Amino acid sequence: MLLIWNRPGFTEELSEQVRTALFGDVDEIMKELTETGELIGGQALADPSQTSTVRLVDGNPEILDGPFMESKEQFAGYLAVDCDSPQRAAEIAARWPDVRYGGVMEVRPIMDGAGTEM
């Protein structure tokens, strides 16, 4: 799983030309992953302002507005890929254009049904 972390609204700060190039790079990577059969799925997430968090407070579930943690970067989306190695997944993550603009890609294995990765 490639988890996309970036600063909300950063694309609005880019020029139209740079923003178009960034989305073009995303399209290129997605096309490549589709053609190689490595892409399983993925999705962008809505703005963090639409987030709610559920946590246990004094033994009772409490629903709070906003993301779980305070940070400049927010979980923005994900790609699920099926790669030959963790190194290949990291190569894909390194090419993701958000990284060039201060974003972060977290590469994390997905557990199989047995959960032996724990």
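The structure we're discussing is the one just above.
Now for a look at the structure at hand. Owing to the predicted nature of the structure, the values given are computational and were not obtained by experimental measurement.

What follows is about the packing of helix 1 (residues 16-36) against helix 2 (residues 86-95). Two elements in contact, helix 1 and helix 2, have axes whose closest approach is 10 Å; the angle formed by their N-to-C orientations is 155°. Taken as axis vectors, helix 1 and helix 2 run roughly antiparallel relative to one another. Where helix 1 crosses over helix 2, the handedness of that crossing is right-handed. Listed contacts from helix 2 to E28, I29, E32 and L33 of helix 1 are R88, I92 and R95. Within the contact of helix 1 with helix 2, the residues separate by chemical class into 3 nonpolar, no polar and 4 charged.

For the rest of this paragraph, the subject is the side chain of T11. Summarising the element assignment, T11 is placed in the loop between strand 1 (2-6) and helix 1. With a relative accessible area of 14%, T11 lands in the buried category. Apart from residues no more than four positions distant in its own chain, T11 is found in contact with R19 and F23.

Our next topic: the pattern of salt bridges. Oppositely charged side chains can pair when the atoms bearing their charge come close. Tallying each qualifying case throughout the model produces 9 salt bridges. K31 is the partner of E35 in a salt bridge, and the nearest nitrogen-oxygen pair spans 4.0 Å. With a gap of 4 residues between them, E35 and K31 both fall in helix 1, about one helical turn apart. Accessibility expressed as a relative area gives 60% for E35, which makes it exposed. Measuring nitrogen to oxygen at the nearest pair gives 2.9 Å for the salt bridge that ties R95 to E32. Within this pair, whereas R95 is found in helix 2, its partner E32 is found in helix 1, the two being separated by 63 residues in sequence. For R95, a relative accessible area of 32% gives the class partly exposed. On the basis of relative accessibility, which here comes to 24%, the residue E32 falls in the partly exposed class.

Conventions and cut-offs
- Residues numbered from 1 in each chain as written.
- Predicted model: local features only at pLDDT ≥ 70, side-chain atom pairs only at ≥ 80, totals over all residues.
- Heavy atoms only, no water.
- Axes fitted to C-alpha atoms, helices over the stretch in contact; angles between N-to-C directions.
- Helix = DSSP H or I, 4+ residues; strand = E, 2+ residues; numbered from the N terminus.
- Parallel < 35°, antiparallel > 145°, perpendicular 65-115°, else oblique.
- Left-handed = near helix turned anticlockwise from the far one by under 90°.
- Contact = heavy atoms within 4.5 Å.
- Nonpolar A, V, L, I, M, F, W, Y, C, P; charged D, E, K, R; others polar.
- Buried < 20%, exposed > 50% of the residue type's maximum accessible area, 1.4 Å probe, protein only.
- Salt bridge = Lys/Arg side-chain N within 4 Å of Asp/Glu carboxyl O.

All quantities given are derived from atomic positions and should not be read as evidence of function.
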